[in-house]
Amino acid sequence: MWILRSAESAEGGPYVFRMTTGRVRTMGRGPRADFVLDAALVSRLHCRLLVRDDALIVENLGSTNGTYVNNKPIDRATLCAGDTLRTGRVELTVFAE
């Protein structure tokens, strides 16, 4: 299982999201997103998360303000424990369990 956790002080948060093998979830501020981030600069459907072969993958969904892993803009990236995923002003730390 993968856990994405924000700081207690995160805008609209704190947030805790869990991902298990075979799951595909969207993240954004809109009601259609699976993981909702109630924060400025987050697109309605901002990015997609999926777990494949025990790897956590994030894909940007054409968001206005971009998706960042460890402060680098990405279109698609594989996340590791300790990485940070940023959408808008919300930064989530990745944990593996």
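Residues numbered from 1 in each chain as written. Predicted model: local features only at pLDDT ≥ 70, side-chain atom pairs only at ≥ 80, totals over all residues. Heavy atoms only, no water.

Some details on the packing of aromatic side chains
Counted only if it meets this: A pair of Phe, Tyr and Trp rings is counted when the ring centres sit within 6.5 Å of each other, with Trp represented by its six-membered ring. The angle between the planes then sorts it: under 30 degrees is stacked, over 60 is edge-to-face, the rest tilted. Where helices and strands are cited, they refer to DSSP runs of H or I of at least four residues and of E of at least two residues respectively, numbered from the N terminus. Only when the NZ atom of a Lys or the CZ atom of an Arg is both within 6 Å of the ring centre and within 35 degrees of the ring normal do we say a charge sits over the ring.
Applying the stated criterion across every chain, the model contains 2 aromatic pairs. Where F17 meets F35, the ring centres are 4.5 Å apart and the plane angle is 20°; that geometry is what we call stacked. Remark: F35 occurs in strand β4 (residues 35–36) and F17 occurs in strand β2 (residues 16–19); sequence separation between them is 18 residues. Within the aromatic cluster, the residues linked to one another by ring pairs are Y15, F17 and F35. A cation over an aromatic ring shows up here: R5 above the ring of F95, its NZ or CZ 5.9 Å from the ring centre. Here the basic side chain of R86 rests over the ring of Y68, its NZ or CZ set 4.2 Å away from the ring centre.

Digging into the environment of V16
Put simply, the test is: A 1.4 Å probe rolled over the protein chains alone gives each residue an accessible area, and that area as a share of the maximum for its type sets the label: buried under 20%, exposed over 50%, partly exposed in between. We call two residues contacting when some pair of their heavy atoms lies within 4.5 Å.
Note on placement: V16 falls in strand β2. On the accessibility criterion, V16 (36% relative accessible area) is partly exposed. Apart from the residues within four sequence positions on either side, V16 is in contact with I3, L4 and R5.

As for the sheet that holds strand β10 (residues 84–87)
Put simply, the rule reads: Pairing between two strands is assigned when DSSP locates at least 2 bridges connecting them. Orientation is described by lines fitted to C-alpha atoms, with helices fitted over the stretch in contact, and by angles between N-to-C directions that extend from 0 to 180 degrees.
Pairing is antiparallel in the open sheet, where 6 strands are placed in the order β2-β1-β11-β10-β7-β8. Looking along the sheet, the strands with just one partner apiece sit at the ends: β2 and β8 (72–74). The mean angle between the axes of side-by-side strands here comes to 30°, regardless of whether they run parallel or antiparallel. In terms of strand pairing, strand β1 (residues 2–6) meets β2 through 4 bridges, oriented antiparallel. In the strand pairing of β2, W2 is matched with M19.

Description of the pairing of strand β3 (residues 24–28)
Inspection of the sheet shows β3 paired to strand β5 (residues 47–52) by 4 bridges, in the antiparallel sense. Across the sheet, T26 pairs through a bridge with R48, a residue of β5. Of the strand pairs in this sheet, β3 and β4 are connected by 2 bridges, and their pairing is parallel. Each bridged residue has a counterpart across the sheet, and for M27 the counterpart in β4 is F35.

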